Amino acid sequence: TNKKIKNENLILGIPASGVHSNGYSLIRNIIKKNKININKNKFLKKQLIEPTKIYTKEFLQAHNKNLINGCAHITGGGLSENIKRIIPNNLTALIDLSKINTLDIFKWIKNKGVSDKEMLNTFNCGVGFCLIVDKTKVETIKKKFSKKYKPYVIGRIIKGSKRVKLNGKINWKK
């Protein structure tokens, strides 16, 4: 239930391990269109077989201590569609895309001519899971995750009628 999500909660992004299981059709089209031999491209080969990080252990540790007000796996549909499902009426998840630490595989895809809109609708863009938490609990939650998957603030909950509002842009170059 999403009744615990309140105004001024923070939205934490948890880093993805890679593309997870979304967008492979688009990636295949890019590979085909650009005549890329996947067997000769070590970067792509490694990225595309990277196992999906499952956040169960860390999530349960935080959940069992009552630290989480809401959560969403970022799958097909991206941040916007997946977070929208858990936001109560009269609240808005305000997400600052410039705060997202994207992964090299997404920079590679973006540089093959995919629009920001399509990137955000198809991929997790580097955020595999989101937690919505009280601001007082952020540091406690961070301690439950390894360095590689350390949650970081990507937005906050505000009063509003639109369930999700994306501000800023992902920096595809950093």
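The preceding data block contains the structure.
In this text the structure is predicted, and so the values were computed from the model without any measurement.

Q: Account for unusual backbone geometry, naming residues and giving values.
A: The backbone phi angle of E8 is positive, close to 75°, even though this residue is not glycine. Tracing the sequence through the fold places E8 in the segment before strand 1 (10-15). One non-glycine residue, N66, lies in the positive phi region at around 60°. Position of N66 relative to the elements: it lies in the loop between helix 3 (56-64) and strand 2 (70-73). By relative accessible area, N66 is classed as partly exposed at 45%.

Q: Report on helix 1 (residues 24-33), specifying residues and quantitative values.
A: For helix 1, the complete set of buried residues consists of L26, I27, I30 and I31. Buried residues of helix 1 fall within an arc of 140° about the axis and therefore sit on the same side. Away from its buried face by more than 90 degrees, helix 1 exposes R28, K32 and K33. Close packing links the buried residues of helix 1 with helix 2 (42-48), helix 5 (104-110) and helix 6 (116-122). Residue K35 follows helix 1 closely and has a positive phi angle near 50°.

Q: Summarise the nonpolar core; cite the residues concerned and give the values.
A: Core analysis: the largest hydrophobic core is formed by 39 residues, its most contacted members being I11, L79, I83, I109, F123 and I154. Contributing elements (two or more residues each) for this core: helix 1, helix 2, helix 4 (78-84), strand 3 (91-96), helix 5, helix 6, strand 4 (127-133) and strand 5 (152-159). Once residues within four sequence positions are removed from consideration, I109 is found in contact with V19, I27, I30, V114, M119 and F123. Formed by 16 residues, the second largest nonpolar core is a distinct cluster that contains A16, Y55, L67 and I68.

Q: Tell me about the pattern of salt bridges, and name the residues and values.
A: All told, the structure shown has ten salt bridges when counted by the stated rule. One salt bridge in this structure joins K137 and D134, with 3.5 Å as the shortest N-O distance. With relative accessibility at 22%, the residue K137 sits in the partly exposed group. Three or more residues are tied together by salt bridges with common partners; here these are E8, K135 and R156.

Q: Lay out the sheet that holds strand 4 with the relevant residues and their values.
A: Strand order in this open sheet of six strands is 2-4-1-5-3-6, and the pairing throughout is mixed. Unpaired on one side and paired on the other, strand 2 and strand 6 (164-167) mark the two borders of the sheet. The sheet shows a mean angle of 25° between the axes of neighbouring strands, direction not considered. Pairing of strand 3 with strand 5 involves five bridges; the strand directions are antiparallel. Looking at strand 5, one finds that T92 is bridged to I158.

Q: Which residues make up the side chain of S80, and what values do they have?
A: Assignment of secondary structure puts S80 in helix 4. In this structure S80 touches V164 and L166, once residues within four positions along its chain are discounted.

Cut-offs applied
Residues numbered from 1 in each chain as written. Predicted model: local features only at pLDDT ≥ 70, side-chain atom pairs only at ≥ 80, totals over all residues. Heavy atoms only, no water. Helix = DSSP H or I, 4+ residues; strand = E, 2+ residues; numbered from the N terminus. Buried < 20%, exposed > 50% of the residue type's maximum accessible area, 1.4 Å probe, protein only. Arc of directions from axis to C-beta. Contact = heavy atoms within 4.5 Å. Core = buried A, V, L, I, M, F, W, Y, C linked by side-chain atoms within 4.5 Å. Salt bridge = Lys/Arg side-chain N within 4 Å of Asp/Glu carboxyl O. Pairing = 2+ DSSP bridges. Axes fitted to C-alpha atoms, helices over the stretch in contact; angles between N-to-C directions.

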